[in-house]
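# Report on the structure
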Amino acid sequence: MPDKETNTTADESAAPAPLPSAPTPVAPPVPPASTHPEKWGRVDADGTVYVKTADGDRAIGSWQAGEPAEGLAHYARRFDDVRTEVELLEARLKAGSGDPKHSLTSAKHIKDSLTDAALVGDLDALQARVDHVLARAQDAVDSVKHARDEARQAATARKQELVEEVEKIAESSTQWKAAGDRLRTILDEWKTIKGVDRKTDDVLWKRFSKARDTFNRRRGSHFADLDRQRASAKDRKQELVRQAEELSDSDDWGGTAAAYRELMNEWKAAGRAPKEADDVLWQQFRAAQDKFFSRRSAVFDERDAELVENGKRKEALLAEAEKINPASDLDQARAQLHRIQERWEEIGKVPRERIRELEGRLRSIEEKVRQAADAQWRRSDPEAEARAAQFRERVEQFEAQAAKARAAGDRRRAEQAEAQAAQWREWLAAAENAVASR
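Residues numbered from 1 in each chain as written. Predicted model: local features only at pLDDT ≥ 70, side-chain atom pairs only at ≥ 80, totals over all residues. Heavy atoms only, no water.

## As for the layout of surface pockets
Counted as a void, the largest pocket has a volume near 430 Å³. Looking at the largest pocket, it is lined by 17 residues, and the ones nearest its centre are Lys349, Val350, Ile355, Arg411 and Arg412. Of all elements in the fold, only α7 (275-321), α9 (355-379) and α11 (411-436) reach the threshold of two or more residues within the lining of the largest pocket. Broken down by element, the lining of the largest pocket gets its largest block of residues, five residues, from α11. A breakdown of the residues in the lining of the largest pocket according to their chemical character gives four nonpolar, three polar and ten charged. (1 Å grid on protein atoms, 1.4 Å probe; cavity = no way out; pocket = protein on both sides within 12 Å on 5 of 7 lines; lining within 4 Å. Points joined across faces, edges and corners; volume = space filled by probe spheres on them. Helix = DSSP H or I, 4+ residues; strand = E, 2+ residues; numbered from the N terminus. Nonpolar A, V, L, I, M, F, W, Y, C, P; charged D, E, K, R; others polar.)

## Focus on the sheet that holds strand β1 (residues 41-43)
Within the open sheet, the three strands sit side by side as β1-β2-β3. Their pairing is antiparallel. The sheet is open, and its two edges are formed by β1 and β3 (56-62), each paired on a single side. Geometrically, the sheet is characterised by an average inter-axis angle of 25 degrees between neighbouring strands, direction not taken into account. Sheet topology note: the β1/strand β2 (residues 48-53) ladder contains three bridges and is antiparallel. Bridging from a neighbouring strand, arginine 42 pairs with tyrosine 50 of β2. (Pairing = 2+ DSSP bridges. Axes fitted to C-alpha atoms, helices over the stretch in contact; angles between N-to-C directions.)

## Thoughts on the nonpolar core
In this structure, Val49 and Leu126 are the most contacted members of the largest nonpolar core, which totals 33 residues. Elements with a minimum of two residues in this core: β2, α1 (68-95), α2 (100-113) and α3 (123-172). Per-element accounting of this core gives the leading share, nine residues, to α3. Other than its neighbours up to four places away in sequence, valine 49 contacts Arg42, Val43, Arg58, Ala59, Ile60, Gly61, Ser62, Trp63, Leu72, Tyr75 and Val120. Leu317, Ala321, Leu330 and Ile347 belong to the second largest nonpolar core, which has 28 residues in total. (Core = buried A, V, L, I, M, F, W, Y, C linked by side-chain atoms within 4.5 Å. Buried < 20%, exposed > 50% of the residue type's maximum accessible area, 1.4 Å probe, protein only. Contact = heavy atoms within 4.5 Å.)

## Notes on the pattern of salt bridges
Under the counting rule described, the total for this entry stands at 39 salt bridges. Its salt-bridge partner being aspartate 149, residue lysine 145 comes within 3.3 Å of it at the nearest N-O pair. Remark: aspartate 149 and lysine 145 occur in helix α3; sequence separation between them is four residues, near one turn of the helix. Taking relative accessible area as the criterion, aspartate 149 reaches 28% and is therefore assigned partly exposed. Glutamate 165 is paired through a salt bridge with arginine 182; the nearest N and O atoms lie 2.7 Å apart. You can see glutamate 165 sitting in helix α3 and its partner arginine 182 sitting in helix α4 (residues 176-192), a full 17 residues away along the chain. Judged by its relative accessible area of 28%, glutamate 165 is partly exposed. Salt bridges here are not isolated pairs; linked through shared partners, they connect Glu315, Glu322, Arg354, Glu357 and Arg361. (Salt bridge = Lys/Arg side-chain N within 4 Å of Asp/Glu carboxyl O.)

Remember that the coordinates give geometry; whether it matters functionally is a separate question.
Okay, here's the thing in structure tokens:
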């Protein structure tokens, strides 16, 4: 930051505005002399010029160049010139322009000169007017001094406030950029504050400089620590990039996706590396992730397309199954349903959102066939034992399929086999009931 600029005294020529004061006394009038110079003076026979005063006539000069009236007019014009000068001083004081000390000095000079001034006019009135101007000038000088004192106090108080703010920033602020900007703004304002006495200004400036140096040391230490932390973060992120790249060719979709989530958590915990390196490492890390997830998306898209096609094939099977008429030929209906169920299983999975719809439609057809069989059993039970044995065999067959599917980890196929076993178990119970009640 720039060094301190000295500003220990106020600019004497720049007078602050006068303070409000009591109403100004009316200036005593001074009549012009040149209109009737004979009223204020005379010229005797030998040419001596006199001015009339309260103490009697006073000789002020001699006039030998012409008519006596011309001599009186000459000295009267000189009086009017002084009168005008006094009025100008008064006007400047009234307007607050110029230096009141200069006006005071000029008025004193005029007053001193009136004692033996070579003028013809109302000297007593002019003397009173000059005294009036002197009083006005003295008031203005006092007012300027008072205003300057107040300005000095305000300037000192403001610099004191700025120093205290800088000391507070130096002690505790961690908003490094905002605090640094504020210190520069304070310094700029400091340079504009004038009028503080040198001794006070030096003391305040030393406090300002000390606080600023303290802040700069704290900030430097912080960024040195930050550089060390970022170097450590860079090393850690380089290792995470290496791990991410090793995983990018994996076909373990679920496990690898979970591993990438963990790597992302570690990436966030590692903190920021130096900006240039951090950006490059992030691009490498993302590229490895994108490679894996793009491959996974392609596989899943293919699977989804297969599931959609499976759904269409099962819809076709349902259309075929819905034509089964167990009322006309129950055995044929069962055989058709069995073939459809086997083909259903061979087709495999469908989109998750279609499972309930498609399975529900198949269950409705199976229920229709079962209800037809129940009705037939209620009407007659020829070969009931044989049917019961057949149903028992089917129950065992589907239970075996369910056990095999569960052992292979195919929960879906196991549940379907168990559902079919349950259906055949119901038919077996009906057949056994028919035999028992025969």
